[in-house]
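Here are the chains, one letter per residue:
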Amino acid sequence: MSEDFELLVDRQALCGAGPMWMSTLNCLYWVDVLRRELHTYHRDSDADEVQVLPGVVTSLGATRNGQLIAAADRGFARLFPGRAALEPITGVQAGDRMSGGACDPAGRFVAGTLTHSREAKRSALYVLDGTRARVLVDGLTLSGGIGWSPDGATMYVIDTVPRVIWAFDYDVERGRAGRGRRWIVCAESEGHPDGLAMDNEGGAWVAMRGSGRIHRYSPGGDLETVLWAPTRRVTGLVFGGRRLDEMYVTSACSGYDERALVGDPYAGALFRFRPGATGSPLAPWNGT
């Protein structure tokens, strides 16, 4: 294993995803989408607590009362970790299930969708406004990681299948996406962009699924850093730790047979490394 990465949870998660740092509890929440599991990695004890959920959860956001907001099944739901319970809020129209999500700087929870067939332009990005979901960006194929520039004026959205990272003008006050452009188009040899985490200088850190690469793009779109994770199947990443100077990375082993697992033994594990950058505190969900 690379000396830059620390193995935290040696587990063959089918589809580890949605890492979210909870500063108040000094812990990391993450999910195994396909096993319907919620994981809580406690930094102080180095323990990973597992709870089975009643539905498919793909991404998470914090709430002001210490509970979670989730992209779950085909919509949005409240998630209560103590009871491993989901309380549906509203559904969405596009896609077969939810995918990546995060809270915008004003606390709106934003999450995308995917289709099982990966059909082009049949998915969308939704924002949860109160108890209803409205389309924020349409015409996506598989919505992956989402993030915002430090001033909130730009929203970055990964469309994993076509290997495109979009940059949209963003109105934080109204929660509206404006003009969009293909900010980064990744080469096939680099893998498929999946998870996204923004540092406090406006750099975008991207997990490149299939290659094991972790990229940092400058605010201008230049590829400045390439790191190699211990597995090719990296999926999600998030800043964490008390100073938000650690990076937590999820991964997946779905689709691997026994021979493939021998060749990529850390697929599905949880890792941590120090990226030499710092994240910003994430806004909690502004709903109730």
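These notes cover the structure that comes with them. The written sequence of each chain sets the order in which its residues are numbered from 1. Two thresholds apply to this predicted model, a pLDDT of at least 70 for residue-level local features and 80 or more for giving and counting side-chain atom pairs, whereas whole-chain, interface and lining totals are computed over all residues. Values reported for side chains reflect all heavy atoms of the structure, with hydrogen atoms and water molecules removed beforehand.

Points about the pairing of strand S13 (residues 132-140)
Moving on, step 1. Bridge analysis of strand S12 (residues 123-129) against S13 gives seven bridges, and the strand direction is antiparallel. Counterpart to Asp-129 in the pairing with S13 is Arg-132.
Moving on, step 2. Whether two strands pair depends on DSSP finding at least two bridges between them. Helix numbering and strand numbering both begin at the N terminus, where a helix is a DSSP run of H or I of at least 4 residues and a strand a DSSP run of E of at least 2. The hairpin turn running from S12 into S13, its antiparallel successor, is two residues long, and Gly-130 in that turn takes a positive phi close to 65 degrees.

Quick word on the sheet that holds strand S4 (residues 37-42)
Moving on, step 1. If you walk across this open sheet you meet the four strands as S2-S3-S4-S5, and the pairing is antiparallel. Each edge of the sheet is formed by a strand with only one pairing partner; in this case those strands are strand S2 (16-22) and strand S5 (47-52). With strand direction ignored, the average angle separating the axes of adjacent strands in the sheet is 20 degrees.
Moving on, step 2. Bridge analysis of S4 against S5 gives six bridges, and the strand direction is antiparallel. Within S5, the residue paired with His-42 across the bridge is Ala-47. Simply put, an axis is a line fit to the C-alpha atoms, just over the touching stretch for a helix, and the angle between two N-to-C directions goes from 0 to 180 degrees.

Considering the packing of aromatic side chains
Moving on, step 1. Note on aromatic contacts: the rings of Phe and Tyr and the six-membered ring of Trp form a pair at centre separations within 6.5 Å, being stacked when their planes are under 30 degrees apart, edge-to-face when over 60 apart, and tilted otherwise. A complete count under the given rule lists nine aromatic pairs for this structure.
Moving on, step 2. Between Phe-5 and Phe-273, the aromatic rings sit 4.7 Å apart at their centres with planes inclined by 45 degrees, giving tilted as the arrangement. One end of the pair, Phe-5, is in strand S1 (residues 5-9); the other, Phe-273, is in strand S24 (residues 270-273), and 268 residues separate them in sequence. Exposure class is identical for Phe-5 and Phe-273. Each is buried.
Moving on, step 3. Ring geometry for Trp-166 and Phe-168: centres 5.9 Å apart, planes at 25 degrees, overall stacked. When sorted by exposure, Trp-166 lands in the same class as Phe-168, which is buried.
Moving on, step 4. Following the ring pairs from residue to residue traces out a cluster consisting of Trp-21, Tyr-41 and Tyr-248.
Moving on, step 5. We call a charge positioned over a ring when the NZ of a Lys or the CZ of an Arg lies within 6 Å of the ring centre and within 35 degrees of the ring normal. Here the guanidinium or amino end of Arg-83 rests over the ring plane of Phe-80, the centre of that ring lying 4.5 Å away.
Moving on, step 6. Positioned above the aromatic ring of Tyr-256, the side-chain terminus of Arg-233 is 4.6 Å from the ring centre. A simple rule labels every residue: compare its accessible area, found with a 1.4 Å probe on the protein chains alone, to the largest value its type can have, and call it buried under 20%, exposed over 50%, or partly exposed in between.

Details of the pattern of salt bridges
Moving on, step 1. Whenever a carboxyl oxygen of Asp or Glu lies within 4 Å of a side-chain nitrogen of Lys or Arg, that contact is scored as a salt bridge. The tally for this structure, following the rule as stated, stands at 20 salt bridges.
Moving on, step 2. One salt bridge in this structure joins Asp-104 and Arg-108, with 2.8 Å as the shortest N-O distance. Both residues of the pair, Asp-104 and Arg-108, belong to the buried class.
Moving on, step 3. Taking the shortest distance from any N to any O, the salt bridge between Asp-245 and Arg-274 comes out at 3.3 Å. Within this pair, whereas Asp-245 is found in the loop between strand S22 (234-240) and strand S23 (246-251), its partner Arg-274 is found in the segment after S24, the two being separated by 29 residues in sequence.

Topic: the environment of Thr-235
Moving on, step 1. Inspection of the secondary structure puts Thr-235 in strand S22.
Moving on, step 2. For Thr-235, a relative accessible area of 4% puts it in the buried group.
Moving on, step 3. C-alpha of Thr-235 to C-alpha of Gly-145: the two residues are 90 residues apart in sequence and 9.4 Å apart in space.
Moving on, step 4. Contact between two residues is taken to exist if any of their heavy atoms lie within 4.5 Å; hydrogens are not considered. Aside from chain neighbours lying at most four places away, what touches Thr-235 is Gly-16, Ala-17, Asp-194, Gly-195, Ala-207, Arg-209, Thr-250, Ser-251 and Ala-252.
Moving on, step 5. Only 2.5 Å separates the side chain of Thr-235 from the backbone oxygen of Gly-16, close enough to count as a polar contact.
Moving on, step 6. Polar contact is the term for a pair of N or O atoms within 3.5 Å; when the atoms are in protein, one must be able to donate a hydrogen and the other to accept it, and sequence-neighboring residues count only if both atoms are side-chain atoms. A polar side-chain atom of Thr-235 sits 2.8 Å from a polar atom in the side chain of Thr-250.

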